[in-house]
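Summary of the model geometry
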Amino acid sequence: MANEGPSEYESILCVKPEVNVYRIPPRASNRAIRAADWKLDAPDWTGRMRLTARGKVAYVKLEDKISGELFAQAPVNEFPGIAVETVSDSSRYFVLRIQDDNGRSAFIGIGFGDRGDAFDFNVSLQDHFKWVKQETELTKQAQAPDSTPKLDLGFKEGQTITLNIGQSKKKDRSRPQSSGGLGLLPPPPGGKLAPPPSSRSTNHSMQPSAAESDSGSLLDLDSSNSNSAPPSSAASSDLWGDFDPVSPK
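One structure accompanies this document, and this report is about it.

Conventions adopted
- Residues numbered from 1 in each chain as written.
- Predicted model: local features only at pLDDT ≥ 70, side-chain atom pairs only at ≥ 80, totals over all residues.
- Heavy atoms only, no water.
- Pairing = 2+ DSSP bridges.
- Helix = DSSP H or I, 4+ residues; strand = E, 2+ residues; numbered from the N terminus.
- Axes fitted to C-alpha atoms, helices over the stretch in contact; angles between N-to-C directions.
- Contact = heavy atoms within 4.5 Å.
- Phe/Tyr/Trp six-rings, centres within 6.5 Å; stacked < 30°, edge-to-face > 60°.
- Buried < 20%, exposed > 50% of the residue type's maximum accessible area, 1.4 Å probe, protein only.

**Comments concerning the sheet that holds strand β6 (residues 93–99)**
If you trace the seven strands from one edge of the open sheet to the other, you get β4-β3-β2-β1-β7-β6-β5, paired in antiparallel fashion. The open sheet has two edge strands with one neighbour each: β4 (70–76) and β5 (84–86). Neighbour-to-neighbour, the strand axes of this sheet turn through a mean angle of 35°, independent of strand direction. Packed onto the sheet, helix α1 (residues 115–143) meets β1 (10–23), β2 (45–54), β3 (57–63), β4, β5 and β6 and runs at close to 135° relative to β1.

**Points about the packing of aromatic side chains**
Enumeration according to the criterion identifies seven aromatic pairs in this entry. Both rings, one in phenylalanine 94 and one in phenylalanine 121, keep their centres 5.2 Å apart while their planes meet at 75°; by these two values the pair is edge-to-face. Note that phenylalanine 94 is positioned in strand β6 and phenylalanine 121 in helix α1, a separation of 27 residues in sequence. Take phenylalanine 94: its relative accessible area is 2%, and that puts it in the buried class. Judged by its relative accessible area of 0%, phenylalanine 121 falls in the buried class. In textbook terms, an aromatic cluster arises when at least three aromatic residues are bridged by ring pairs, as seen for Tyr22, Trp38 and Tyr93.

Here you go:
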């Protein structure tokens, strides 16, 4: 017995408990289909709708509410497409192309009593085929060779590179501006500012004054000594004048 490949599992996309089936007249022209042309008050069959997917193909299955027996199914390879069509005068009615096991097909009309059920059916089909489109693009990208040029960052033969580590250029630092309200005073109108006096010139200017004060004090002492010398000699002569010299006997 030959080994068979893994069979694709069937996933359920949407289930609605009640759907009405209508026989529709054959198309006489390419004009849009209108649900008003059907006998909406007298559906030909009522049952359950189950939307499934097997691989990339979706299936609209019309089943009996109680037994679950299959009444008809419509394989859908793309949406929107010929397998499922919308009508021009309502959002609750669709046209299905059903097929049997022998490949025979026919067109029937279906309708939902609630607009929410019709909306879920429409969105479920859109989401499935959006996923199919993404899977197809990913498969093509995986199979197609990468034709984009690759960037070669390797060294060529004989090519060298020089690294300067620890050497950084000095950045010019701008003069910090004062954050307060007071700024720098402008220069005088006469021209450049005079340099401040050095410590050497200050010492030279102070030395003559110190010498002059010393000499002045010495002159004062001489004058005082010269003025006071005579009175002291006179006082001494007067002091010894009271005694008579002793004559030798």
